[in-house]
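Descriptive analysis of the structure
Each chain, written out:
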Amino acid sequence: MEKLPLAPSTPAPEHFVAVIALDGVVAFDLGTPSQIFGAARDDEGRRRYRIQVCSPGGLPVRSAAGFQVLPEHGLEITSVADTVIVAGIHRGGPVEDASIEPAVASSLRAALARGARVMSICTGAFVLAAAGLLDDRPATTHWGWAEQFRALYPQVKLDPDVLFIDDGDVLTSAGVGAGIDLCLHVVRTDFGSEVANRAARRSVVPPWREGGQAQYIERPLPRVTDTTTAPTRAWALQRLGEPLTLQDMAAYATMSVRTFTRRFREETGVSPARWLLQQRVDHARGLLESTDLAVEQIARRSGLGTAASLRQHLQTTIGVAPSAYRRTFRVVPGAPGR
C-alpha cells in the first residue's frame, strides 16, 4: 500500500501582545515590548509573539520625550490580546491624582477578568493601580516614584527595591532597563530559556537578572587601569564544571589574589566566589530548562558537585526544588506558550 506523505507540522500560534500608550508615555518603555517580544523566535526563526500598540480611540498621544506617537489601533484590541502591557507615563491622572479614563480602566479590568495576563513597565503601575488591578497585591515601580505611588495607592503592597514582580496574572516592573528584564522573564516562562536567551542575544542585553535583585546599587566607579578581570570571567564561564578556585582565577589573570579580588569587586560589585556560584546556578537552571539530564548530572556539569548541593543553592536562590523548577520552565519544543 502506498504510504501517505506526512502532514507538515503546524507552527504554534503567535502569542498576541497589546501595548497601551497613554498621554505622557515614556518612549523607552513603549519600545521595550516590541523589541524583546519581537526578538523571540523559535529554532526556525519564526516569531513567537505578535505585538500591536494601541491608545484610547486610536488617537495620537504625546510622549514624555517631546514627540507624538501614532498608534495604529484603539483599545478594542485588548479584548482579544493574550497579554496587555501598559507602558510608563510621566504625566496624567494616574500619576497625579489617581484618576483614570474610564475606557482604559474598563479595558484593563475586562482583560484580566477573561484570563489575559496584564503587565506594566515602570510607572505603568500607576495605571494598573488606578484601575484597581493592584489592590492588596504586591507590585513595584521605579524607585524614584515610590513615595508618590504610596501616597496615591496605599492599598497596594509596593516593593520599590526589586526589578520586577510576577504575581501570576499581573506583573509589574521597575523603571527603564527593568522592563527588559520583565519581558525576558515572560518569554522564558512562555517558551523556555533558549528562546529567551536568543531574544536577549538579538537585543544585545543580559539574558537574565533576578526579579528580586535590587533596582540600583550605588558604588564608586572602578579605577581605569590597563588590566581587567573580564577575560578571566570569560575563561571561567567555559569551565564551570571544573573545581575552580580563587587562586586559579587570580593566576589566569596574572594578579595576586588580593589584587584580583579587589579589582573583581570593583568591576562586578561582588566577590569572585559569589559571582562564580551565581554563574553555576544560572547554568544549572538553563540545563534544567533545556535538557532532560538527571539532577545529579546537571550538578556535576554546572560545578555544584552533588544533587544535594544543587537543591540547596536553587532553594536559596529562587525558593524551589530542581524538579519543581523544571516542571515550571521546561518547554517542549513546538509547544505553544500560554
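The structure we're discussing is the one just above.
Everything numeric in this text was worked out from a predicted model, so none of it was measured.

Right, let's get into the overall build of the protein. Within the protein, the regular secondary structure consists of 14 helices and 10 strands. For the protein, with 338 residues in total, the buried portion stands at 48%. Here the analysis covers contacts within the protein between residues at least 6 apart in sequence; of these, 65% occur between residues at least 24 apart. Counting only carbon and sulfur atoms, one obtains 54% of the accessible surface of the protein, whose full area is about 16800 Å².

Now for the nonpolar core. Core analysis: the largest hydrophobic core is formed by 35 residues, its most contacted members being Ile20, Leu108, Leu128, Leu134 and Phe149. Counting only elements with at least two residues in this core, the list comes to strand 1 (15–20), strand 5 (83–86), helix 3 (102–113), helix 4 (124–130) and helix 5 (146–152). The greatest single-element share of this core, amounting to six residues, is contributed by helix 4. Aside from chain neighbours lying at most four places away, what touches Phe149 is Ala125, Phe126, Ala129, Leu134, Thr141, Val156 and Leu158.

Of the positions making up helix 14 (residues 322–329), those classed as buried are Pro322, Tyr325, Arg326 and Phe329. In an axial view of helix 14, the angular spread of the buried residues amounts to 100°, which keeps them on one side of the axis.

Close contact between helix 1 (residues 27–38) and helix 6 (residues 177–191) brings their axes to 9 Å; oriented N to C, the two are set at 30°. Considering the angle they form, helix 1 stands roughly parallel to helix 6. For the crossing formed where helix 1 meets helix 6, the hand is right-handed. Along its contact with helix 1, which presents Phe28, Thr32, Pro33, Ile36 and Phe37, the element helix 6 presents Gly177, Gly179, Ile180, Cys183, Leu184, Val186 and Val187. Within the contact of helix 1 with helix 6, the residues separate by chemical class into nine nonpolar, three polar and no charged.

Summed over the entire model, instances satisfying the criterion amount to nine aromatic pairs. An angle of 50° between the planes, with centres 4.6 Å apart, marks the rings of Phe37 and Tyr49 as tilted. Of this pair, Phe37 sits in helix 1 while Tyr49 is found in strand 2 (residues 49–54), placing the two residues 12 residues apart along the sequence. For Phe37, a relative accessible area of 0% gives the class buried. For the pair Phe126 and Tyr153, a centre-to-centre distance of 6.0 Å together with 75° between the ring planes defines the contact as edge-to-face. Of this pair, Phe126 sits in helix 4 while Tyr153 sits in the loop between helix 5 and strand 8 (157–158), placing them 27 residues apart in sequence. Considered together, Phe126 and Tyr153 belong to a single accessibility category, that of buried residues.

This paragraph deals with the sheet that holds strand 2. Taken together, six strands build an open sheet; the order of strands is 2-1-5-6-10-9 and the sheet is mixed. Each edge of the sheet is formed by a strand with only one pairing partner; in this case those strands are strand 2 and strand 9 (164–166). Sheet twist, expressed as the average angle between the axes of neighbouring strands with direction ignored, equals 15°. By the bridge criterion, three bridges tie strand 9 to strand 10 (residues 170–173) in an arrangement that is antiparallel. When the sheet's bridge partners are listed, Ile165 is paired in strand 10 with Thr172. Contacts from helix 1 reach strand 1, strand 2 and strand 5 within the one sheet, and its direction differs from that of strand 2 by about 165°.

Here helix 10 (residues 257–268) is 12 residues long and its end C-alpha atoms lie 16 Å apart, about the 16 Å a rise of 1.5 Å per residue gives. Every buried residue of helix 10 is listed here: Phe260, Arg263, Phe264 and Thr268. In a view along the axis of helix 10, the buried residues occupy a sector of 115°, so they form one face of it. Phi turns positive one or two residues past the end of helix 10, at Gly269, with a value near 85°.

Reading the values: rules and limits
Residues numbered from 1 in each chain as written. Predicted model: local features only at pLDDT ≥ 70, side-chain atom pairs only at ≥ 80, totals over all residues. Heavy atoms only, no water. Helix = DSSP H or I, 4+ residues; strand = E, 2+ residues; numbered from the N terminus. Buried < 20%, exposed > 50% of the residue type's maximum accessible area, 1.4 Å probe, protein only. Contact = heavy atoms within 4.5 Å. Areas by Shrake-Rupley, 256 points an atom, 1.4 Å probe, with all protein chains shown as cover. Core = buried A, V, L, I, M, F, W, Y, C linked by side-chain atoms within 4.5 Å. Arc of directions from axis to C-beta. Axes fitted to C-alpha atoms, helices over the stretch in contact; angles between N-to-C directions. Parallel < 35°, antiparallel > 145°, perpendicular 65-115°, else oblique. Left-handed = near helix turned anticlockwise from the far one by under 90°. Nonpolar A, V, L, I, M, F, W, Y, C, P; charged D, E, K, R; others polar. Phe/Tyr/Trp six-rings, centres within 6.5 Å; stacked < 30°, edge-to-face > 60°. Pairing = 2+ DSSP bridges. Expected span 1.5 Å × (residues − 1).

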